[in-house]
Amino acid sequence: MTILVTGGAGYIGSHTCVALVEAGYDLVVVDSFANSRPEALGRVQQITGREFPVYPVDLLDERGLDAVFEAQPVEAVIHFAALKAVGESVADPLRYYRNNVGGSISLFQTMERHGVTRLVFSSSATVYGAAEQMPLTEESPLGPVNPYGRTKWMVEQILRDQCAARPDWSVALLRYFNPVGAHASGRIGEDPSGVPNNLLPYVTQVAVGRLEQLTIHGDDYPTPDGTCIRDYVHVMDIAEGHVNALQHVLMTTGIEAFNLGTGRGSSVLEVVAAFEAATGIDIPRRVGPRRNGDAPVSYAGVDKAKQQLGWQAKRDLTEMCADAWRWQRENPQGYGV
Ligand code: UFG
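Please read all numbers here as calculations on a predicted model, not as lab measurements. (Residues numbered from 1 in each chain as written. Predicted model: local features only at pLDDT ≥ 70, side-chain atom pairs only at ≥ 80, totals over all residues. Heavy atoms only, no water.)

Student: Even after reading the chapter, I still don't get the overall build of the protein, so can you show me in this structure?
Tutor: Scanning the protein for helices and strands turns up eleven helices and 13 strands. For the protein, the C-alpha radius of gyration of 19 Å lies close to 20 Å, the compact-globule estimate for 337 residues. Each principal axis of the C-alpha atoms in the protein carries an extent, and together these give about 55 × 45 × 40 Å. Here the protein, with 337 residues, has 54% of them falling under the buried criterion. When contacts within the protein are restricted to residue pairs at least 6 apart in sequence, long-range pairs at least 24 apart make up 80% of them. Summed over its atoms, the accessible surface of the protein is roughly 14,300 Å², and 48% of this surface lies on carbon and sulfur atoms. Within the protein, one finds 28 positive and 39 negative side-chain charges whose respective centroids are separated by 2 Å. (Helix = DSSP H or I, 4+ residues; strand = E, 2+ residues; numbered from the N terminus. Rg over C-alpha atoms; globule rule 2.2 N^0.38 Å. Buried < 20%, exposed > 50% of the residue type's maximum accessible area, 1.4 Å probe, protein only. Contact = heavy atoms within 4.5 Å. Areas by Shrake-Rupley, 256 points an atom, 1.4 Å probe, with all protein chains shown as cover. Lys, Arg positive; Asp, Glu negative; His and termini not counted. Charge placed at Lys NZ, Arg CZ, Asp CG, Glu CD.)

In structure tokens form, the structure reads like this:
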């Protein structure tokens with residue numbers, strides 16, 4: 001069975017391609033390479049020992065997409081392709097809405113033209129509003145606080161409307177918490193452009209000597225050690241969650257959201273300590289002011305994914321840190337070298 005993966009060269013996309021091949025699916029990848037590198041897919045092919053067609057097409061190019069659907073027997077789509085930098089989305093919202101929302105609509109219309117009705121959509125825990133109640137369940141109130149988060153929220157709504165209008169469609173909305181780590185081979189991993197915004201890529205770049213020290217964004221939060229708590233989840237667990245979600249949409253109709261997290265929160269200081277313990281490397285750090293928009297605590301309720309997808313995260317924080325470090329150590333410049 002052939003699965004179209006948009007954004008397959010990206011961080012979560014490339015790991016999911018490995019998991020899909022290992023689960024026995026045939027792949028077709030569409031990626032604009034606006035924010036990713038073809039090399040990532042070359043490495044996926046090395047890891048899996050399988051070749052698959054790759055189309056350098058932007059989702060806004062509907063003719064280009066049509067050609068892919070005409071050439072390939074696509075039966076379901078996993079849609080990752082999107083821009084994902086929160087700060088950039090605040091500075092350039094139109095670019096974000098055009099790419100993430102416009103690109104998604106273009107993809108869904110193309111699916112409709114070609115009779116493809118099965119979709120797994122890459123959403124984010126960032127669609128949840130500031131919540132007092134933890135864990136966040138799929139029923140928690142939504143209310144993203146930046147344009148990036150609103151693009152994910154809007155696409156979720158568009159898909160709900162589409163599923164209401166087309167009862168033969170089947171969609172899983174996957175709300176990721178904090179994906180980290182890398183494939184255990186050390187051949188693929190996260191390759192942020194510029195200075196990383198996210199915690200673990202920053203820590204690994206300090207460890208490899210690309211950055212001098214970590215700034216902890218605030219240690220005066222109402223948490224046990226004063227630093228923010230997040231639900232870090234291994235990217236291979238996330239990748240495997242897509243395989244389960246795919247199997248789910250192939251067997252059902254309608255639309256459901258699922259959290260992908262571990263259900264367990266870790267503070268910034270706990271992550272740094274886990275990284276140091278897993279690697280034996282000291283991470284120089286200083287405490288800076290709070291970062292705008294950071295919630296003190298966020299972690300997932302994971303019962304729904306467990307019950308309906310039969311999925312739960314298997315890898316712990318030590319493995320996340322060890323795998324993130326192997327990738328960074330063996331690829332100090334990411335895919336750049
Ligand atoms: N942090 C630091 N120093 C850093 C980077 C991060 O202390 O250099 C802290 C943050 O303040 C936060 C925690 O580490 O407390 C995690 O931060 P990340 O940026 O790694 O993760 P976020 O939870 O902020 O980000 C997540 C997703 C993003 C998404 C964002 C939306 O990873 O993709 O939520 O707010 F866009």
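Following the structure, the description resumes.
Student: Would you mind going over the packing of helix H5 (residues 93-113) against helix H6 (residues 147-165) with me for this structure?
Tutor: Helix packing for two helices is described by the angle between their axes and how far apart those axes are. As a packed pair, H5 and H6 sit with axes 9 Å apart at the nearest point and diverge in direction by 25°. Viewed along their axes, H5 and H6 adopt a mutual orientation that is roughly parallel. Once H5 is placed against H6, the crossing between them reads as right-handed. Counting all contacts with H5, which are made through Pro 93, Tyr 96, Tyr 97, Asn 100, Val 101, Ser 104, Ile 105, Phe 108 and Glu 112, the residues of H6 involved are Pro 147, Tyr 148, Arg 150, Thr 151, Met 154, Val 155, Ile 158, Leu 159 and Gln 162. (Axes fitted to C-alpha atoms, helices over the stretch in contact; angles between N-to-C directions. Parallel < 35°, antiparallel > 145°, perpendicular 65-115°, else oblique. Left-handed = near helix turned anticlockwise from the far one by under 90°.)

Student: Would you mind going over the nonpolar core with me for this structure?
Tutor: Soluble globular proteins tend to pack their nonpolar side chains together in the buried interior. Residues Val 5, Leu 20, Leu 174 and Leu 246 are the most contacted members of the largest nonpolar core, which totals 42 residues. Take this core: its biggest share by element is eight residues, from helix H8 (residues 235-251). Of all hydrophobic cores here, the second largest spans 25 residues; its members include Phe 69, Met 111, Leu 159 and Ile 255. (Core = buried A, V, L, I, M, F, W, Y, C linked by side-chain atoms within 4.5 Å.)

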